[in-house]
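Topology and contacts: notes
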Amino acid sequence: RRLCLMRGMNFEEAEALLARAPEDQENLQGFYKRSHFHEVLLVLRRRTRDGQVAYQLVLPHDSPKTQLDGNSCSVAKMKQSSMQRISPDAAREPWEKQYQLSETQCIHLQRQQNCGNRNCRSGKRFLEETMLTGQVLVHWDFLCALLGEKNSLVRCELNTGAVLVGLVIPQDM
């Protein structure tokens, strides 16, 4: 099966997420600008773990993340961050620009950097994948020999609600 994977979200969806978000006593939820990349993101309070508040980072071009600069996104990490809080109005234009660019460009090109890999998928929100579905477990040994040992079953939920389980076939095959 050929699948088109869409990651990220448009600005209206991000605004709706923020509007529906539960209250944040730390007052850290909202839109932020990363000064060194001129990119925006949405920070949402998501869960409490062992009494510690954790935040989720929502990006225009990718799935939500729970890490900031390689560490769990906690209150302390947010307060130490060099990100600048901005209003939704200030976030709209750069969010929409990155959302649009990320459909066809990798993160390097979005940041106006050189990227020597014409097949680079980093930071793209629209990806096409080939997924082998069906009775893959019956043929597992053969598939591992063909595709390599680093394979695992993947679960994919379609926008129709149907669920597929199978193997993602590497791009170079």
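Note: the structure precedes this text.
Owing to the predicted nature of the structure, the values given are computational and were not obtained by experimental measurement. Here, residues in each chain are numbered from 1, in the same order as that chain's written sequence. Given that this is a predicted model, residues contribute local features only at a pLDDT of at least 70 and side-chain atom pairs are listed and counted only at 80 or more, while totals for whole chains, interfaces and linings are drawn from all residues. For the side-chain quantities, the full set of heavy atoms in the structure was used; hydrogens and water were omitted.

Here a helix means four or more residues in a row that DSSP labels H or I, a strand means two or more in a row labelled E, and each is numbered from the N terminus. Regarding its fold elements, the chain presents five helices and ten strands. For each residue, the accessible area found with a 1.4 Å probe, counting protein chains only, is set against the maximum for its type, and the residue is called buried under 20%, exposed over 50%, and partly exposed in between. Burial analysis of the chain (173 residues in total) assigns 36% to the buried set. The contact criterion used is simple: two residues touch if any of their non-hydrogen atoms lie within 4.5 Å. Looking at the chain alone, contacts between residues at least 24 apart form 52% of all its contacts between residues at least 6 apart. Every accessible area reported is derived by Shrake-Rupley at a probe size of 1.4 Å, with residue values counting cover from the shown protein chains alone. Carbon and sulfur atoms provide 47% of the accessible area of the chain, an area that totals close to 11000 Å².

This paragraph deals with the pattern of salt bridges. A carboxyl oxygen of Asp or Glu within 4 Å of a side-chain nitrogen of Lys or Arg is what we treat as a salt bridge. As enumerated under the stated definition, the model contains eleven salt bridges in all. One salt bridge in this structure joins R7 and D62, with 3.3 Å as the shortest N-O distance. Remark: D62 occurs in the loop between β4 (52-58) and β5 (67-68) and R7 occurs in the loop between β1 (2-6) and α1 (11-20); sequence separation between them is 55 residues. By relative accessible area, which is 25% here, R7 ends up partly exposed. Between E15 and R92 there is a salt bridge whose closest N-O contact spans 3.4 Å. With E15 in helix α1 and R92 in helix α3 (residues 88-101), this pair connects stretches of sequence that are 77 residues apart. Look at E15 and you get partly exposed, because its relative accessible area is 28%. The network of salt bridges with common partners includes E12, E15, R92 and E96.

Attention shifts here to the environment of F142. Mapped onto the fold, F142 is located in helix α5 (residues 140-147). C-alpha separation for the pair F142 and C4, spaced 138 residues apart in sequence, amounts to 26 Å.

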